[in-house]
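What the coordinates show
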Amino acid sequence: MKRLFLAVMFAAPMMVPFVVQAEEAAAKDPFTQGDAAAGATKAAPCVACHGAGGNSSMPAWPNLASQGSSYIVHQLKAFKSGQRKNPIMAAQAANLSDADMADIAAYMTLQKVRPGLASKDAVAIAEPLYRGGDATRGIPACASCHGPKGAGNPAAGYPRIGAQHNEYVATSLTAYKAGERGTGAQGPMMQAVAAKLSDQEIQALASYVNGLQ
């Protein structure tokens with residue numbers, strides 16, 4: 001019995017490194033391999049505009065909480081390279097390494113986004129477009145890429161738009177419509193869709209997606 005006890009006592013510590021490695025592997029974001037724990041510290045400067053935990057209190061700045069990690073990384077790289085124009089974000093992204101971006105994205109995607117609210121008037125206009133599109137104008141359903149609840153498709157890089165600020169969404173759609181925004185594989189697609197939307201439809205969709213949860 002003494003020999004068995006000693007064997008277990010000395011063998012047990014040998015198992016610890018394997019447990020830690022498994023936990024560390026599980027903590028990595030599946031799409032960016034970012035470390036959320038490291039990202040919590042690195043995301044500190046983001047709070048000024050995007051709010052604590054990625055929930056912005058300013059409707060002109062997007063919520064990053066619950067946003068797809070691969071989408072966040074793509075946008076940060078676009079800001080850094082100048083493909084997406086924004087002086088503030090260009091300055092913020094300039095000194096971020098790829099690992100920094102992945103870590104920040106891993107942290108933000110795990111935060112819970114606060115639900116928004118859609119206006120009743122917006123629903124009548126936006127819901128048919130969001131759910132079914134408009135075949136007569138060649139507009140696909142928004143839900144086909146962004147999901148029925150606006151959660152997006154992280155694997156494909158389609159962003160979460162559910163509970164996003166309506167002011168930010170309206171500004172983004174208007175920029176796509178004007179051809180002022182269009183980076184990445186989804187950029188031309190969004191430009192083509194937004195070009196067919198009226199200003200009223202853009203405002204309605206922006207309000208509608210703010211209420212999706």
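Residues numbered from 1 in each chain as written. Predicted model: local features only at pLDDT ≥ 70, side-chain atom pairs only at ≥ 80, totals over all residues. Heavy atoms only, no water.

1. What about the nonpolar core?
Within the largest apolar cluster, 23 residues are counted, with the highest numbers of intra-cluster contacts made by Tyr130, Leu173, Leu197, Leu205, Tyr208 and Val209. Of all elements in the fold, only α8 (120-132), α10 (166-177), α11 (187-194) and α12 (199-210) reach the threshold of two or more residues within this core. The biggest single contributor to this core is α12, with six residues. Residues within four places of Leu197 in sequence aside, it is in contact with Leu129, Ile139, Lys177, Ile202 and Leu205. Membership of the second largest hydrophobic core comes to 15 residues, among which are Leu64, Met101, Ile104 and Tyr107. (Core = buried A, V, L, I, M, F, W, Y, C linked by side-chain atoms within 4.5 Å. Buried < 20%, exposed > 50% of the residue type's maximum accessible area, 1.4 Å probe, protein only. Helix = DSSP H or I, 4+ residues; strand = E, 2+ residues; numbered from the N terminus. Contact = heavy atoms within 4.5 Å.)

2. Regarding the packing of α8 against α12
Relative orientation of the contacting elements α8 and α12 amounts to 85°, with a least axis distance of 8 Å. With respect to α12, the element α8 is oriented roughly perpendicular. On the side of α8, the interface is formed by Ala122, Val123, Ile125, Ala126, Glu127, Leu129, Tyr130 and Arg131, while α12 contributes Gln200, Glu201, Ala204, Leu205, Ser207, Tyr208 and Val209. Tallied by class, the residues present in the contact of α8 with α12 amount to ten nonpolar, two polar and three charged. (Axes fitted to C-alpha atoms, helices over the stretch in contact; angles between N-to-C directions. Parallel < 35°, antiparallel > 145°, perpendicular 65-115°, else oblique. Nonpolar A, V, L, I, M, F, W, Y, C, P; charged D, E, K, R; others polar.)

3. Regarding unusual backbone geometry
A positive phi angle, close to 60°, is found at Gln33, a residue other than glycine. Within the fold, Gln33 resides in the loop between α2 (16-27) and α3 (36-42). The backbone of Ser66 sits at a positive phi, close to 70°, despite the residue not being glycine.

4. Topic: the state of the cysteines
All told, the structure shown has zero disulfides when counted by the stated rule. No disulfide involves Cys49; its sulfur sits 9.0 Å from that of Cys46, the nearest cysteine. This cysteine, Cys142, is not joined by any disulfide, and Cys145 carries the nearest cysteine sulfur, 8.8 Å off. (Disulfide = S-S within 2.5 Å.)

5. Section: the packing of α10 against α11
Where α10 meets α11, the axes come as close as 7 Å, and the angle between the chain directions of the two elements is 95°. As judged from the angle between their axes, α10 and α11 are roughly perpendicular. Within the contact between the two elements, α10 uses Leu173, Tyr176 and Lys177 and α11 uses Gly187, Met190, Gln191 and Ala194.

6. Focus: the side chain of Thr32
As for its placement among the helices and strands, Thr32 is situated in the loop between α2 and α3. Under the relative-accessibility criterion, Thr32 is labelled buried at 18%. Within the local environment of Thr32, its side chain forms a polar contact with the backbone nitrogen of Gly34, the two atoms lying 3.1 Å apart. (Polar contact = N/O pair within 3.5 Å; in protein donor to acceptor, adjacent residues only side chain to side chain.)

7. Topic: the packing of aromatic side chains
On inspection of all chains with the given rule, the structure shows one aromatic pair. Judged by centre distance (5.5 Å) and plane angle (55°), the rings of Tyr130 and Tyr208 are tilted. A residue pair is termed long-range when its members are at least 10 positions apart, and Tyr130 in helix α8 and Tyr208 in helix α12 qualify at 78 residues. (Phe/Tyr/Trp six-rings, centres within 6.5 Å; stacked < 30°, edge-to-face > 60°.)

8. Describing α12
The end-to-end C-alpha separation of α12 is 17 Å, in line with the 16 Å expected for twelve residues at 1.5 Å each. Taking burial as the measure, the twelve residues of α12 include nine buried ones, the bulk of the element. As for α12, its buried residues are in contact with α8 and α10. (Expected span 1.5 Å × (residues − 1).)

Function cannot be read off these values alone, since they describe shape.
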